[in-house]
Every structure is written in C-alpha cells, then in structure tokens.
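Chain residues, written in single-letter form:
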Amino acid sequence: MATRNPARATMRRFGTKQPTGHGVILSALHPAVRAGRTAFSSRVFDPGELPRLLKSGQHSRKIGKQVAKGHRRGWPIYTLTLEERASCPRTCDQWTSCYGNNMRAAERVLHGPDLIEGLGVELAGLAAAHPAGFLVRLHVLGDFWSADYVAFWGEMLARHPALHLFGFTAHEPHSPLGRAIALLIHNAGWRRCAIRFSGAPHDHGAARVVGPGETDPDAILCPAQTGATDCCATCALCWQSRRSIAFRSH
Ligand code: SF4
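Rules used throughout
Residues numbered from 1 in each chain as written. Predicted model: local features only at pLDDT ≥ 70, side-chain atom pairs only at ≥ 80, totals over all residues. Heavy atoms only, no water. Helix = DSSP H or I, 4+ residues; strand = E, 2+ residues; numbered from the N terminus. Expected span 1.5 Å × (residues − 1). Buried < 20%, exposed > 50% of the residue type's maximum accessible area, 1.4 Å probe, protein only. Arc of directions from axis to C-beta. Contact = heavy atoms within 4.5 Å. Phe/Tyr/Trp six-rings, centres within 6.5 Å; stacked < 30°, edge-to-face > 60°. Pairing = 2+ DSSP bridges. Axes fitted to C-alpha atoms, helices over the stretch in contact; angles between N-to-C directions. Near = heavy atom within 4 Å. Core = buried A, V, L, I, M, F, W, Y, C linked by side-chain atoms within 4.5 Å. Salt bridge = Lys/Arg side-chain N within 4 Å of Asp/Glu carboxyl O.

Q: Teacher, can you tell me more about helix α5 (residues 176-188) here?
A: Because an α-helix packs 3.6 residues into every turn, residues spaced three or four apart end up facing the same way. Spanning 13 residues, α5 covers 19 Å between terminal C-alpha atoms, matching the ideal 18 Å at 1.5 Å per step. Buried residues of α5: Leu177, Gly178, Ile181, Leu184 and Ile185, and no others. Axial view of α5: buried residues confined to an arc of 115 degrees, hence all on one face. With respect to the buried face of α5, the exposed residues turned more than 90 degrees away are Pro176, His186 and Asn187. Those residues of α5 that are buried are in contact with α4 (147-159), β6 (163-169) and β7 (193-198).

Q: Mind showing me how you'd approach the packing of aromatic side chains here?
A: By convention here, two paired aromatic rings are described through the distance between centres and the angle between planes. Evaluation of the coordinates by the stated rule reveals eight aromatic pairs. Between tryptophan 145 and tyrosine 149, the ring centres sit 3.9 Å apart and the planes meet at 25 degrees, which makes this aromatic pair stacked. One aromatic cluster is present, formed by Phe144, Trp145, Tyr149, Phe152 and Trp153 through successive ring pairs.

Q: What am I meant to see in the sheet that holds strand β5 (residues 134-138) here?
A: The pairing of strands in a sheet comes from backbone hydrogen bonds and takes either a parallel or an antiparallel form. In spatial order, the strands read β2-β3-β5-β6-β7-β8-β10-β9; together these eight strands make up an open sheet with mixed pairing. Looking along the sheet, the strands with just one partner apiece sit at the ends: β2 (55-56) and β9 (219-221). Across the sheet, α4 is in contact with β5, β6 and β7; its angle to β6 comes to roughly 155 degrees. Sheet strands in contact with α5 are β6 and β7, and its direction is about 150 degrees off that of β7.

Q: Quick question: what am I supposed to make of the site of the ligand here?
A: In the vicinity of the ligand, the contacting residues are Lys62, Cys222, Pro223, Ala224, Cys232, Cys235, Leu237, Cys238, Ile245 and Phe247. Elements supplying a minimum of two residues to the shell around the ligand: α6 (223-226), α7 (232-235), α8 (237-240) and β10 (244-248).

Q: Explanation requested: the pairing of β6 in the structure shown.
A: For a regular strand, side chains alternate in direction, first toward one face of the sheet and then toward the other. A large share of β6 lies buried, amounting to seven of its seven residues. On β6, burial covers both faces: Leu163, Leu165, Gly167 and Thr169 on one face and His164, Phe166 and Phe168 on the other are all buried. Alignment of β5 against β6, held across five bridges, turns out to be parallel. Looking across to β6, one finds that arginine 137 is bridged to phenylalanine 166. Bridge analysis of β6 against β7 gives five bridges, and the strand direction is parallel.

Q: Looking at this structure, I do not really get the nonpolar core. What am I missing?
A: Nonpolar side chains in soluble globular proteins tend to end up buried together. Formed by 57 residues in total, the largest nonpolar core has its most connected members in Leu119, Leu123, Val136 and Trp153. Here the element with the most residues in this core is α4; it accounts for six residues. When neighbours within four sequence positions are excluded, leucine 123 is seen to be in contact with Leu54, Phe134, Val136, Phe152, Trp153, Met156, His160 and Leu163. Counting six residues, the second-largest nonpolar core is a separate cluster that includes Leu26, Val33, Cys92 and Trp95.

Q: Would you take a moment to explain the pairing of strand β8 (residues 206-210) for this structure?
A: In terms of burial, β8 is a largely internal element, four of the five residues being buried. Relative to β8, β7 is paired through two bridges, and the arrangement is parallel. Bridge pairing links phenylalanine 197 to alanine 206 in β8. As defined by bridge partners, β8 adjoins β10 across four bridges and the pair is classed as parallel. The residue bridging valine 210 from the neighbouring strand is arginine 248, located in β10.

Q: Explain the pattern of salt bridges to me, please; I cannot follow it from the model alone.
A: Where charged atoms from two side chains of opposite charge approach closely, those side chains can pair. Counted under the stated rule, the structure contains four salt bridges. Of the charged contacts, one joins arginine 37 and glutamate 83 as a salt bridge, the two residues approaching to 2.7 Å between their closest N and O atoms. One end of the pair, arginine 37, is in the loop between α2 (31-35) and β1 (44-45); the other, glutamate 83, is in the loop between β3 (77-79) and β4 (108-109), with 46 residues separating them in the sequence.

Q: Just checking my understanding: could you explain the environment of serine 198 for this structure?
A: Tracing the sequence through the fold places serine 198 in strand β7. In this structure, the C-alpha to C-alpha distance between serine 198 and glutamine 94, residues 104 residues apart in sequence, is 9.7 Å. With sequence-adjacent residues up to four places away left out, serine 198 is seen in contact with Phe168, Thr169, Ala170 and Ala207.

Q: I keep staring at unusual backbone geometry and nothing clicks. Help me out?
A: Glycine aside, residues mostly have negative phi, and peptide bonds are mostly found in the trans state. Of note, the phi angle at arginine 85 is positive, near 70 degrees, even though the residue is not glycine. Examined against the element boundaries, arginine 85 turns out to sit in the loop between β3 and β4.

In short, shape yes, function no, at least from these values alone.
If you want it as structure tokens, here you go:
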C-alpha cells in the first residue's frame, strides 16, 4: 500500500524536519560570516530573475499554503526570503548559527530598490485577488535592511487593507531600525503586523531560541516543533497571540 505523504495532507510540499539542536554553526572565520553573506551565494537571485518574489507557503516545510484555523481560515499565506546576514543586523545573536546555514536550496531575493518595486506590484495583485485577507511571512531568511524598506511596508499596509504580516526581526528594539519597526507595528496594529523581536526578553511580542531540553517560562514553545501542530497554517499562534514564542535551535 502506498505511504501517504503527511506534508501533502497539510498543504506543504515537504514534510517537517524536527530540530536536532545541533544546527550548522559556521566558524567566525568562514568567508560568509566575515563578509556578512549567505554561505550559498549561487542561491541569491536578482528580483528580475524570479517568476515571483512572494512564494506560496506551500513551498515551505514550516509554513503551509493557507490558514486552517481561526477567523482567518482560508486565507492564503505567502513568504518572502531574503539573503541571510546580507540584509540582517550584525548584532543578531544567531549570526554564525543562522538556520539559513541549513537551507541550501532556498531562493534568496537580492534586496534593494528593485525588490521594493517588484513587491509593490505583487502586493497590489494579491490584494486584488484576496480582498478578504492574506498573510505574508517576513522574512523566512533575512531582515528589514533599511528605514526606507520599513516605511515601504507601512505604505503597503495602509494601501492594502487585506495585507497582514507576521514574522521576526533580529533588530534590537531600541536600535534606530528597531524603533522604526516598533512604530510600524504600533501604527498598523498587531492584528495587521505581528512582527516579533528575536532575542528580546519580553513575555509578549518577542521570540527566543532555546537549547535542547531548555524551556522558557515567558514564552510558548512553537507547537510545530513539539509535534502539537503541523505547520504555521494549522497553528496560527504567531498572528493570533502576542505571547512570546520560543524555538528550539535547529
Ligand atoms: S508558533 Fe505556530 S505560527 Fe508561530 S512559527 Fe510556530 S508553528 Fe508557526
């Protein structure tokens, strides 16, 4: 009898890889770490080289194609993947252990003005196609790289009421870009812009990495990593709750 692929049953092309706690940690002397780039430079694409910048969550092990629970049930989910380290703050405490080190196949979009222009076009199309609502997961890899880019997302949220964001940032909340991101969240509201500060100590609006066997009393362990749910689409915690989330290191 054919074995049923559990990922297909949950709107993902690939099944879950549970964290091992022994992720790929690059040496501080690794060229990618020193230069602040991905270790897989052949997987960075100019926006014009890609058929689309925002990919269906179906292509991600962790995300899923559309929301399966809660009041956003049926909304499609899209993801944006930028180049890790190149678009991230040097202060990120996962600089050498970024899980992008383990994502050889991921397509990273080169950040810059062309990305902003292309995203504007795609978001207008998605807003027209999904007037009831859609979610964009920022940034599977990468981060907010400039104040103009943060402002761009503010403009998009104002222009497209159907657009809803969720994701994480490694910017420190009190850094210049961290303050701009906090203002973005404040202005749009958590319901529209659920971006968590990675590594922040708060019991809400933050995300933290815990080691094997560790727990964080001020955060909920990501249910997809405990096996309590399948993926973000079947979980919905990140956009339905402000409680901080803990992740086991990969
Ligand atoms: S807590 Fe839920 S929504 Fe958030 S990352 Fe984990 S599975 Fe996805």
